Amino acid sequence: MSEHFNVHGGARLVGEVDVVGAKNSVLKLMAAALLAEGTTTITNCPQILDVPLMADVLRSVGCTVELDADVATITTPAELSHRADSAAMGKLRASVCVLGPLVGRLRKAVVALPGGDAIGQRPLDMHQNGLRKLGATSTIEHGCVVAEAEGLHGAQIWLDFPSVGATENILMAAVLAEGTTVIDNAAREPELVDICTMLTEMGAKIEGAGTSTLTVHGVDRLHPTEHRVIGDRIVGATWAFAAAMTRGDITVNGVNPHHLDLVLDKLRLAGAEVTTFDDKGFRVVQADRPTAVDFVTLPYPGFATDLQPFAVALSAVADGTSMITENVYEARFRFIEEMVRLSADARTDGHHAVVRGVEKLSSAPVWASDIRAGAGLVLAGLCADGVTEVWDVFHIDRGYPHFVENLNRLGARIERVAGEPDRS
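Residues numbered from 1 in each chain as written. Predicted model: local features only at pLDDT ≥ 70, side-chain atom pairs only at ≥ 80, totals over all residues. Heavy atoms only, no water.

Quick look at the pattern of salt bridges now. Evaluation of the coordinates by the stated rule reveals 16 salt bridges. Its salt-bridge partner being D249, residue R283 comes within 2.6 Å of it at the nearest N-O pair. Of this pair, R283 sits in strand β17 (residues 281–285) while D249 sits in strand β15 (residues 249–253), and the two are 34 residues apart along the sequence. The buried category is assigned to D249, whose relative accessible area is 15%. Ionic pairing is found between D265 and R268, a salt bridge with its closest N-O pair at 2.7 Å. (Salt bridge = Lys/Arg side-chain N within 4 Å of Asp/Glu carboxyl O. Helix = DSSP H or I, 4+ residues; strand = E, 2+ residues; numbered from the N terminus. Buried < 20%, exposed > 50% of the residue type's maximum accessible area, 1.4 Å probe, protein only.)

What follows is the structure in structure tokens.
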């Protein structure tokens, strides 16, 4: 049975909300547990659909995984299977991050091609090229990435683009390679730093986390650890945009505001009053209609492509005209088609979208195409007259724990409803 949200417009969101561990970190940390025999414990895990899916992926290679509230306990056996072909692979983009750990530990891997959000092409060329530099062969056969090596050795690796996924896979293979690996033009995201922190706790030797050059000195073996996931900056930013769009007042706890410096600066330009609390959280207060601001998506520390739907949604109700430029995923502008259903004045041209703000949107049935698009449509519905139906909300459940409950606690009126859509 399908589910949708009924979102009642006109709410002003006020209050506090707690952010738990980052989706874009926890799934990779779970994969990193494959690198060490024994029991690894990961705390502050978000209770989202993707976590049990990743648990199924790990079980498919022989791990025992227990999920209890915000704790994941992963026991990795001495003998692992090199084949990761669980049905969960097709539902989860991050499942490909088991490739690096399996190659690193077993020197071979067969990993089913991943699924995930419909936001555009995300080829695995850089993942494969990095593994080849380390001494592995890598091909695509029968819907799987197949990699094998007699031994792994350090290498100088240059990434054409600072891909988070490629950096992660190469890094997790290199920690058990012989010699030193240097990854240039590496991803710098806080979630990547979080993985480096956990790997270091496991005994890896990594230099340069958070910079564009990662240096990895290979070690013979790693040991299990206990690690706390960093707060989810994308979820934190979602609440920041929610405050600005609804002219609200929201305090966000549990996320480092310095991971959102650019986002919070953009909201200040839109007229919000922003207060930060060391590395613990922040508060966003928007008294008047937001002012139009331009956005350009770029790898971290630039404006995250995951936040592009919220930039569009904010621009749709802002005073003035905004230009949003998408430089990462070409299909992310599919979101705008749904915003137009809500009477947004938006046009796209290649990598650019021009959005002319309106005073109020108009409710309509809309469909989420990915996690962030779904959440963006819910926020837009809060700024529309009447009741907006947001469909395919399983996407939202993959990235936002207790989303409906948190919104209602902040003053929204939103219900989860079972039933099939009327597409007539």
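A few words now on the sheet that holds strand β13 (residues 213–217). Pairing is mixed across the open sheet formed by four strands, whose spatial order is β10-β11-β13-β12. Pairing within the sheet leaves two strands with one partner each, and these edge strands are β10 (156–158) and β12 (205–207). Each strand axis lies, on average, 15° off the axis of its neighbour in the sheet, ignoring direction. With three bridges connecting them, β10 and strand β11 (residues 180–184) associate as parallel partners. Residue pairing in the sheet places Q156 in a bridge with V182 of β11. Its contacts with the sheet put helix α5 (residues 164–174) on β10, β11, β12 and β13, and the angle it makes with β11 is roughly 170°. (Pairing = 2+ DSSP bridges. Axes fitted to C-alpha atoms, helices over the stretch in contact; angles between N-to-C directions. Contact = heavy atoms within 4.5 Å.)

Looking now at the layout of surface pockets. Space inside the second largest pocket adds up to approximately 230 Å³. What lines the second largest pocket is a set of 20 residues, and nearest its centre among them are D18, V20, P401, H402 and N406. Put simply, the parts of the chain that give the lining of the second largest pocket at least two residues each are β2 (14–18), α7 (233–245) and α13 (403–409). Two domains share the lining of the second largest pocket, each providing at least three of its residues, namely domain 1 (2–19 + 231–419) and domain 2 (23–228). (1 Å grid on protein atoms, 1.4 Å probe; cavity = no way out; pocket = protein on both sides within 12 Å on 5 of 7 lines; lining within 4 Å. Points joined across faces, edges and corners; volume = space filled by probe spheres on them. Domains from an automatic or database assignment.)

A rise of 1.5 Å per residue sets the reference length of α7, with its 13 residues, at 18 Å; its end C-alpha atoms lie 18 Å apart and thus fit the reference within 8%. Most of α7 sits out of view: 13 of its 13 residues are buried. Put simply, D232 is the residue that caps the front of α7, since its side-chain oxygen is 3.0 Å from the backbone nitrogen of I234. Looking one or two places after α7, you find R247, whose phi comes out positive at around 55°. (Expected span 1.5 Å × (residues − 1). Polar contact = N/O pair within 3.5 Å; in protein donor to acceptor, adjacent residues only side chain to side chain.)

Okay, unusual backbone geometry next. In the segment running from Y300 into P301, the intervening peptide bond is cis, with an omega of 15°. Among the structural elements, P301 can be located in the loop between β18 (295–296) and α9 (308–316). At N185, a residue that is not glycine, the phi angle is positive and equals roughly 60°. Summarising the element assignment, N185 is placed in the loop between β11 and α6 (190–201). Here the phi dihedral of R247 falls at roughly 55°; this positive angle occurs in a residue that is not glycine. Assignment of secondary structure puts R247 in the loop between α7 and β15.

Now for the nonpolar core. Grouped together as the largest cluster of nonpolar side chains are 74 residues, with contacts concentrated most on I42, V98, V175, L199 and L222. Apart from the residues lying within four places of it in its own chain, the contact partners of V175 are L35, L199, A204, I206, V216, H217, G218, V219 and L222. Grouped together as the second largest cluster of nonpolar side chains are 73 residues, F5, A237, A344 and V366 included. (Core = buried A, V, L, I, M, F, W, Y, C linked by side-chain atoms within 4.5 Å.)

What follows deals with the packing of aromatic side chains. Under the criterion given, the structure shown has six aromatic pairs. With 6.3 Å between their ring centres and 45° between their planes, F241 and F295 make a pair best called tilted. Of this pair, F241 sits in helix α7 while F295 sits in strand β18, and the two are 54 residues apart along the sequence. On the accessibility criterion, F295 (2% relative accessible area) is buried. Centroid distance Y400 to F403: 5.0 Å. Interplanar angle 45°. Geometry classified as tilted. Accessibility classification places Y400 together with F403 in one group, the buried group. Ring pairing ties together the aromatic residues F241, F295, F303 and F310, which thus form one cluster. Across the ring face of F295, the terminal group of K266 is positioned such that the distance to the ring centre comes to 5.6 Å. (Phe/Tyr/Trp six-rings, centres within 6.5 Å; stacked < 30°, edge-to-face > 60°. Lys NZ or Arg CZ within 6 Å of the ring centre and 35° of its normal.)

As a further point, take the pairing of strand β8 (residues 137–141). For a regular strand, side chains alternate in direction, first toward one face of the sheet and then toward the other. Bridge count for β8 against strand β9 (residues 144–148) is five bridges, and the pairing is antiparallel. By the bridge assignment for β9, I140 is matched with V145. From the end of β8 to the start of β9, which pair antiparallel, there are two residues, and H142 there has a positive phi angle of about 55°.

What follows covers the UniProt feature "binding site: phosphoenolpyruvate" (unreviewed entry) in the chain. In this structure's numbering, the residues bearing the UniProt feature "binding site: phosphoenolpyruvate" (unreviewed entry) are K23 and N24. Within the element layout of this structure, K23 appears in helix α1 (residues 23–32). Here K23 falls in the buried class, since its relative accessible area comes to 9%. Summarising the element assignment, N24 is placed in helix α1. (UniProt positions renumbered as here; feature names shortened; annotations may be inferred.)

Moving on, we come to helix α4 (residues 125–133). Turn by turn, an α-helix covers 3.6 residues, leaving residues three or four places apart pointing in a common direction. Here α4 has its buried residues at H127, Q128, G130 and L131. Within α4, the buried residues cover an arc of 160° as seen down the axis, which keeps them to one side. Those residues of α4 that are buried lie in contact with α3 (99–106), β8, β9, β10 and α5. Among the residues trailing α4, G135 stands out with phi positive, at a value near 110°. (Arc of directions from axis to C-beta.)

Our next topic: the packing of α7 against helix α11 (residues 371–382). As a packed pair, α7 and α11 sit with axes 10 Å apart at the nearest point and diverge in direction by 20°. With respect to their mutual orientation, α7 and α11 come out roughly parallel. Read as a crossing pair, α7 and α11 show a hand that is right-handed. Seen from α7, the contacting residues are I234, V235, T238, F241, A242 and M245; seen from α11, they are R372, L379 and A380. (Parallel < 35°, antiparallel > 145°, perpendicular 65-115°, else oblique. Left-handed = near helix turned anticlockwise from the far one by under 90°.)

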